[in-house]
Amino acid sequence: MSELLSLTHALAWPLALTLAWMTGELLYRWANVPRISIYGLCGFVFGNLSSGYLPPAQADNFMMLANLGFGLMLFELGYRINLRWLRTNPWLLLTSVLEAGLTWAAVYYVSRICGLDVLPACLLAALAMASSPAGLLRIVNEQGGGGQVTERAMHLTALNCVLAVFVFNVTVGFGVFQTSGDVVHASWTGLVVLAASSGLGAALGWLLPLWQRVASHVRSNSTLTFAVFVFLLVAITHVLKLSPVLAALTFGLVARHRRVTLSPAQRNFGALGDLLTVLLFFFVATTIAWQPTAEGLMLGLLLLLVRALVKVAVCTATARVSGISARKGALTGVAIMPLTVFAIILIEQTRRSGVDLFDTLTPLAPLAAMAMILEVLAPILTQIALTGARESGLAKYKNVVKEDKDAAA
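None of the values given here were measured: they were computed from a predicted structure.

**Q** Please clarify how the overall build of the protein chain should be interpreted in this entry.
**A** The number of helices and strands found in the protein chain is 19 helices and 0 strands. Within the protein chain, the fraction of its 409 residues that count as buried is 54%. The long-range fraction of contacts in the protein chain, counting pairs at least 24 apart against all pairs at least 6 apart in sequence, stands at 85%.

**Q** Would you take a moment to explain unusual backbone geometry for this structure?
**A** Most of the time, phi is negative for any residue but glycine, and the peptide bond is trans. Unusually for a residue other than glycine, Lys-241 sits at a positive phi of about 60°. Within the element layout of this structure, Lys-241 appears in the loop between helix 11 (222–240) and helix 12 (244–257). A residue is classified by how much of its surface remains accessible, and Lys-241, at 38% relative accessible area, is partly exposed. One non-glycine residue, Arg-390, lies in the positive phi region at around 60°. Within the fold, Arg-390 resides in the loop between helix 18 (364–388) and helix 19 (400–408).

**Q** Is there a simple way to think about helix 17 (residues 340–352) in this case?
**A** Residues that lie three or four places apart on an α-helix share one face, since the helix turns once every 3.6 residues. Taking 1.5 Å per residue as the helical rise, helix 17 with its 13 residues ought to reach 18 Å, and the 18 Å between its terminal C-alpha atoms agrees with that figure. Among the 13 residues in helix 17, 10 count as buried, and that is most of the element. The complete set of buried residues in helix 17 reads Thr-340, Val-341, Phe-342, Ala-343, Ile-344, Ile-345, Leu-346, Ile-347, Gln-349 and Thr-350.

**Q** Mind showing me how you'd approach the packing of aromatic side chains here?
**A** When we look at a pair of aromatic rings, we describe it by the centre distance and by the angle of the planes. Tallying each qualifying case throughout the model produces 9 aromatic pairs. Ring geometry for Trp-13 versus Phe-282: centroids 6.0 Å apart, planes at 75°, classification edge-to-face. Of the two residues, Trp-13 sits in helix 2 (residues 12–31) while Phe-282 sits in helix 13 (residues 270–286), which places them 269 residues apart along the sequence. Exposure class is identical for Trp-13 and Phe-282. Each is buried. Centre to centre, the rings of Phe-75 and Phe-251 are 4.9 Å apart; their planes meet at 45°, and the pair counts as tilted. You can see Phe-75 sitting in helix 4 (residues 56–79) and its partner Phe-251 sitting in helix 12, a full 176 residues away along the chain. For the pair formed by Phe-75 and Phe-251, the shared burial category is buried. Ring-pair connections join several aromatic residues into one group, and the members of that group are Phe-75, Tyr-79, Phe-226, Phe-229 and Phe-251. One cation-aromatic arrangement involves Arg-35 over Tyr-28; the distance from NZ or CZ to the ring centre is 3.8 Å.

**Q** Can you help me understand the packing of helix 8 (residues 133–143) against helix 18 in this one?
**A** When two helices pack together, you describe them by how their axes are tilted relative to each other and by the distance separating the axes. The N-to-C vectors of helix 8 and helix 18 enclose an angle of 45°; their axes lie 10 Å apart at closest approach. In this view, helix 8 runs oblique relative to helix 18, as classed from their interaxial angle. You can see that helix 8 and helix 18 cross each other, and the crossing is right-handed. Of helix 18, the residues touching helix 8 (which contributes Leu-136, Ile-139, Val-140, Glu-142 and Gln-143) are Pro-379, Thr-382, Gln-383 and Leu-386. Looking at the contact of helix 8 with helix 18 residue by residue, the class counts come to 5 nonpolar, 3 polar and 1 charged.

**Q** Before we go on, may I ask you to explain helix 18 in this structure?
**A** In this model helix 18 runs 34 Å from its N-terminal to its C-terminal C-alpha over 25 residues, within 8% of the 36 Å that 1.5 Å per residue would give. Most pronounced at Glu-375, the bend in helix 18 amounts to some 40°, and the proline Pro-379 follows within four residues. Positive phi shows up at Arg-390, right after helix 18, with a value of about 60°.

**Q** Explain the nonpolar core here, please?
**A** A general tendency of soluble globular proteins is for nonpolar side chains to be buried together. In terms of nonpolar packing, the biggest core is built from 117 residues, with Phe-70, Phe-251, Leu-280, Phe-281, Phe-282, Val-341 and Phe-342 touching the most fellow members. Beyond its immediate chain neighbours, meaning those up to four positions away, Phe-282 contacts Trp-13, Ala-16, Leu-17, Ala-20, Tyr-39, Cys-42, Gly-43, Phe-46 and Leu-54.

**Q** Looking at this structure, how should I read the environment of Leu-302?
**A** Topologically, Leu-302 is positioned in helix 15 (residues 297–317). Judged by relative accessible area, Leu-302 falls into the partly exposed class, the value being 36%. Along the sequence, Leu-302 and Pro-366 sit 64 residues apart, while their C-alpha atoms lie 9.3 Å from each other. In contact with Leu-302, not counting residues within four places along its chain, are Val-110 and Cys-114.

**Q** What is the right way to look at the environment of Leu-94 in this model?
**A** Residue position: Leu-94 is located in helix 6 (residues 90–113). With 224 residues separating them along the chain, Leu-94 and Thr-318 place their C-alpha atoms 8.8 Å apart.

**Q** For this particular structure, what's the right way to read empty space enclosed by the protein?
**A** Empty space among the atoms becomes visible once a probe the size of a water molecule is rolled across them. What the rule picks out here adds up to 5 cavities of 30 Å³ or more. Empty space within the largest cavity amounts to approximately 90 Å³. Lining the largest cavity are Met-63, Asn-67, Val-234, Thr-237, His-238, Lys-241, Leu-242, Pro-244, Gln-349 and Arg-352. Residue assignment for the lining of the largest cavity shows that the elements contributing at least two residues are helix 4, helix 11 and helix 17. Take the lining of the largest cavity: its biggest share by element is 3 residues, from helix 11. Of the residues assigned to the lining of the largest cavity, the class counts are 4 nonpolar, 4 polar and 2 charged.

Analysis parameters
- Residues numbered from 1 in each chain as written.
- Predicted model: local features only at pLDDT ≥ 70, side-chain atom pairs only at ≥ 80, totals over all residues.
- Heavy atoms only, no water.
- Helix = DSSP H or I, 4+ residues; strand = E, 2+ residues; numbered from the N terminus.
- Buried < 20%, exposed > 50% of the residue type's maximum accessible area, 1.4 Å probe, protein only.
- Contact = heavy atoms within 4.5 Å.
- Expected span 1.5 Å × (residues − 1).
- Phe/Tyr/Trp six-rings, centres within 6.5 Å; stacked < 30°, edge-to-face > 60°.
- Lys NZ or Arg CZ within 6 Å of the ring centre and 35° of its normal.
- Axes fitted to C-alpha atoms, helices over the stretch in contact; angles between N-to-C directions.
- Parallel < 35°, antiparallel > 145°, perpendicular 65-115°, else oblique.
- Left-handed = near helix turned anticlockwise from the far one by under 90°.
- Nonpolar A, V, L, I, M, F, W, Y, C, P; charged D, E, K, R; others polar.
- Bend = angle between axes of the 7 residues up to and from the residue.
- Core = buried A, V, L, I, M, F, W, Y, C linked by side-chain atoms within 4.5 Å.
- 1 Å grid on protein atoms, 1.4 Å probe; cavity = no way out; pocket = protein on both sides within 12 Å on 5 of 7 lines; lining within 4 Å.
- Points joined across faces, edges and corners; volume = space filled by probe spheres on them.

Structural data, given as structure tokens:
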């Protein structure tokens, strides 16, 4: 019996991941519930079992794989960003700035009213600005989404990520300086990390076309090529304690504009992407503890409501001037609700750099509640938004810039 228990303990993570995957497949087919919602719910349950079912020693091994899965999604999102569209329709960029800025202000103001100190409120507000590329992109690929709402949601998500990482790192740098007085450490934690991460991603994006010209077999193995380059990028940022979020986004963006071809068959990176998606959403949910989730439930719900109202209101208010109907603008605001994976990964990366503000400050409880609620609910909202916009199953991209011009005329 003891040998059986020991074997079960050693296989805890693979068994839990398999059960999460099976449950996700069944509920998706029977009830059309997004798979990633089920992966997250299973991860939360397994991660909080009183018997300590998942060995914490093995969690470090899965963290790198989770970062790789997140990096692949960030690369794909960056690849699908069209800078020409942003130049043609600057209202999209303005929408992102307004929506992210007002979200920061609203969440900060409510947090302060509810008794949080300045630094914890700033950290929560910075995270609330973002939308998670992992949740959005997975639902888009799962639903075969394509159209104005889908494209706008992806562009807003990418822009929000950049703004959130910038504000979050500046806030963390201020917190480091405030607690230690170390200007060098604070600067490295803030702006230097952002610049180095973006530069690293751009460098790999520049090198990728050179490799494609050298390797004659790259066309048949391009999915593997992208995956290996992303793996290298994530590993380098992991070792140097940089930001894989900005690095992977920049890599994808530069790769697109260097005319690197990513065919529709390679989106989501096939079976590799599916496997890493299960691991990513399951693992992230295991890091959310039950006790702070319960303690911060009321404040977390309030902050989520404020965040949702601001995002939907801004996207609706700027819809017509940016070339779409108010209804599609509101659906875009609903589609960008995912947050959890981005927030948790960003916090874990900050901890690895030697800054652990969330273990000493009070935003941990409301953040845990926000993360757990959105882990399950946000993918469902994104799916509803794509269905409401009648963009599910439209895998072929439309000429969105032309549609914007026609709508504006």
